[in-house]
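Topology and contacts: notes
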Amino acid sequence: MKNPTTSKSWQRLQGEYERIRGQHMRDMFAADPGRFHRFSLRLNDILFDFSKNRIDGGVFEALIELAREAGVETWRERMFRGEPINHTEHRPVLHTALRHMGDEPVRVDGRDVMPEVRSELARVRQLADAVRCRRWRGASGQPITDVVNIGIGGSHLGPQMAVEALRPYAIHDLAIHFVNNIDENHINNTLERLSPDTTLFIIASKSFTTQDTMVNADTARAWLLNKLDDETLLSRHMVAVTANTRAAIDFGVAEENVFRMWDWVGGRYSMWSAIGLATAIAIGPDHFESMLRGAWEADCHFREAPLEQNIPVVMALLGIWYNNFFGAQATAILPYDQNLHRLPAYLQQADMESNGKGVDRDGHPVGYQTGPVLFGEIGIASQHAFYQLLHQGTKLVPADMLAPVSNYRCIARHHRALMSNIFAQAEALMMGKTEAEVRAELEAAGLPEEEIEFLLPYKVFPGNRPTNTFLFYTLDPKTLGTLVALYEHKVFVQGVIWHINSFDQWGVELGKVLARNILDEVNRGEPVDSHDASTNGLINYYLHLRPRRN
Ligand code: G6Q
């Protein structure tokens, strides 16, 4: 299927939309006591409740038909088998190989890549153990107390999210820091608290050419050499993860300290590779492997479960339902777990960089909506911030809520209150509050009739706002791995249905080139006239005002 909007199932869905758009979920729940059981799925201890969506059996059937008609099953196999489905870069898409725990080979151009994947993982294990057990010593013989991951985008967001999410599994005398911003404040603020004697840098860059990372890596190297005097001692304080080994060695990273990644792993899908070194050091290699195992279990589920019971497929279809039929422009990720506070940022890249595409697989502009704006924050904090718009705004924003049934330390007073909030919010978004309910409440509060009439319209909540809820026993490494992989596959399924390539990122590449060109002009320091008037004006104002040393 090419243009999905011309398919039979799309036409059918259009009809389903007309039929259901006026219906309220409140009534659907009232009419169908089995709705929760019908529209919820389980994977291990993860419960995926999607019953609070504007669907019924007819819609669900038509959505599944869409996935089938779009060839999701065939594309899924093509991905797992290593076909070059990233067609604009002529590459396979094999992040699934990084967590493959089966005995079968995974082939790229006929060659099984599993031996090298596993040998690199073994090297990650060795380094993580050595740092954690204090066998790895700095140049002055002291153990490492601080690890700084220098990387950006896909070489930053995954490890940072995972390290934060799995804090309870980390050892406490080893701090992990992340520097991604080329703004010197980021690296300076980080280094001012650290000592070169006890710091290990991970330079994480698939290309080893990204300006932000290379400028920060230069600063880190200078900071180390200022203390070490001897370049050979850098090997005690700097390792690299890259697909460009030569560039890392030329930069000064000892060859034995270079960890490999492969061009068949996209940056935003690379947290399972040696890019996850910071995660492995933080939580230990056993927990790191549990995370991989969790992702692998999600892969098996995605590959084997029938479409109707396939969590990422259903997640994807619901997203398409709102995006393409209800005209929703955004979607929200709302974790009710403080340690998941970087998950929305991580998923923002995974989703928006993958499916923020306006040209289809045949090079034609798409005539329909593709990836939504994905945003989010910790649910509890957001209730005091942007939930207002979710409840009463003019936009439909479908949301995913996620929470652990048990917290790591599980202080009942905190956790029960937390859980009450997630249940209450999802319920309120779905049910809303009718005029009659508001009136009864205000009357019970003893308000005068005139005030009741005045307040009524403001206090009515339309409801009918969709949410998915993920509940899982606890946020352990395996569960995190499963959850993240489910989202990865959701993005994949949507890309298949929208007939776009979810695995290239020409917009990111554009940014890299543009900034490089302007940097040359800024370095020359002469007034410029090579751009549009606004850009010329901004650059020239900056050149005029900047202090000499900048
Ligand atoms: C991810 C993107 C992008 C990339 C960064 C860093 O899929 O391609 O976010 O990860 O631009 O690139 P390097 O790892 O090559 O430095």
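Here, the structure is the one placed above.
The present account deals with the structure reproduced in this document. (Residues numbered from 1 in each chain as written. Predicted model: local features only at pLDDT ≥ 70, side-chain atom pairs only at ≥ 80, totals over all residues. Heavy atoms only, no water.)

Some remarks on the overall build of the chain
Basically, it comes down to this: Think of it this way: any DSSP run of H or I at least four residues long counts as a helix, any run of E at least two long counts as a strand, and we number them from the N terminus. A simple rule labels every residue: compare its accessible area, found with a 1.4 Å probe on the protein chains alone, to the largest value its type can have, and call it buried under 20%, exposed over 50%, or partly exposed in between. Should any heavy atoms of two residues lie within 4.5 Å, those residues are considered in contact. Residue-level accessible areas treat just the shown protein chains as cover; the underlying method is Shrake-Rupley with a 1.4 Å probe.
In terms of helices and strands, the chain carries 22 helices and 13 strands. Principal axes of the C-alpha set define a box for the chain whose edges measure 80 × 60 × 60 Å. Counting across all 550 residues of the chain, residues that qualify as buried make up 53%. Sequence-distant contacts, at least 24 apart, represent 75% of the contacts inside the chain between residues at least 6 apart. Of the roughly 24000 Å² that the chain leaves accessible, carbon and sulfur atoms contribute 51%.

Side note on the packing of aromatic side chains
Rules: The criterion for an aromatic pair is that two Phe, Tyr or Trp rings (for Trp, the six-membered ring) have centres within 6.5 Å, with stacked assigned to planes under 30 degrees apart, edge-to-face to planes over 60 apart and tilted to the rest.
Following the criterion strictly, the structure yields 22 aromatic pairs and no others. Between F39 and F50, the ring centres sit 5.6 Å apart and the planes meet at 50°, which makes this aromatic pair tilted. Residue F39 is found in the loop between α3 (35-38) and β1 (40-43), and its partner F50 is found in the loop between β2 (46-49) and α4 (57-69); the two are separated by 11 residues along the sequence. For the residue pair F39 and F50, the accessibility class agrees, reading buried in each case. Cluster of aromatic residues (ring-pair linked, three or more members): W10, Y17, W321, Y322, F325 and F326.

Considerations on the sheet that holds β2
Put simply, the rule is: In short, DSSP must find at least two bridges between two strands for them to pair. Only the stretch in contact is used when fitting a helix axis, every axis being a line fitted to C-alpha atoms; angles between N-to-C directions are given from 0 to 180 degrees.
Across the sheet, which stays open at both edges, the 6 strands sit in the order β1-β2-β13-β12-β10-β11 with mixed pairing between neighbours. In this open sheet, the two edge strands, each paired with only one partner strand, are β1 and β11 (373-376). Shown here is a sheet whose adjacent strand axes are inclined to one another by a mean of 15°, direction ignored. Against the sheet, helix α14 (residues 343-355) makes contact with β10 (330-335), β11 and β12 (399-404), and its axis sits at roughly 175° relative to β11, the strand it touches most.

Let's talk about helix α6 (residues 114-132)
Residues lying three or four places apart along an α-helix face the same way, a consequence of the helix completing one turn every 3.6 residues. Worth spelling out the cut-off: A helix is expected to span 1.5 Å for every residue after the first.
For α6, spanning 19 residues, the distance from its first C-alpha to its last is 27 Å, which sits close to the expected 27 Å at 1.5 Å a residue. Directly after α6, the chain includes R134, whose backbone phi takes a positive value near 65°.

Section: the site of the ligand
Put simply, the rule is: By convention in these notes, a residue is near a molecule or strand provided one of its non-hydrogen atoms lies within 4 Å of it. In protein, a polar contact requires one atom able to donate a hydrogen and another able to accept it; more generally it is a pair of N or O atoms within 3.5 Å, and residues adjacent in sequence count only if both atoms are side-chain atoms. Under the scheme applied here, ten amino acids are nonpolar (Ala, Val, Leu, Ile, Met, Phe, Trp, Tyr, Cys and Pro), four are charged (Asp, Glu, Lys and Arg), and all others, including Gly, are polar.
Every one of the 15 residues lining the ligand counts as a neighbour, but S155, S205, S207, T210 and Q349 are closest to it. Within the backbone of G154, an N or O atom sits 2.9 Å from an oxygen atom of the ligand. If the ligand stood free it would expose 410 Å²; the protein chains cover 93% of that surface. Grouping the constituent residues of the shell around the ligand by class yields 2 nonpolar, 9 polar and 4 charged.

A closer look at the pairing of β11
Selection criterion: Clockwise travel from the first strand over the helix to the second, with the strands pointing away from the viewer, marks a crossover as right-handed.
Pairing between β10 and β11: 4 bridges, direction parallel. When the bridges of β11 are listed, A332 appears paired with F375. Crossover β10 to β11 through α14 is right-handed.

What to know about the pairing of β10
Among the 6 residues that make up β10, 6 are buried, leaving the element largely enclosed by the rest of the structure. Residues A330, A332 and L334 of β10 are buried on one face, and the alternating residues T331, I333 and P335, pointing to the opposite face, are buried as well.

Some thoughts on the nonpolar core
Selection rule: What makes a nonpolar core is a set of buried Ala, Val, Leu, Ile, Met, Phe, Trp, Tyr and Cys residues whose side-chain atoms join them at distances within 4.5 Å.
If you look at the biggest cluster of nonpolar residues, it comprises 121 residues, and the most contacted ones within it are W264, I281, W321 and L480. Considering each element in turn, this core owes the most residues, 12 residues, to helix α20 (residues 477-498). Setting aside chain neighbours within four positions, we find L480 in contact with M161, A162, A165, L166, M291, L340 and L475. Counting 22 residues, the second largest nonpolar core, distinct from the first, contains A240, A248, I249 and V258.

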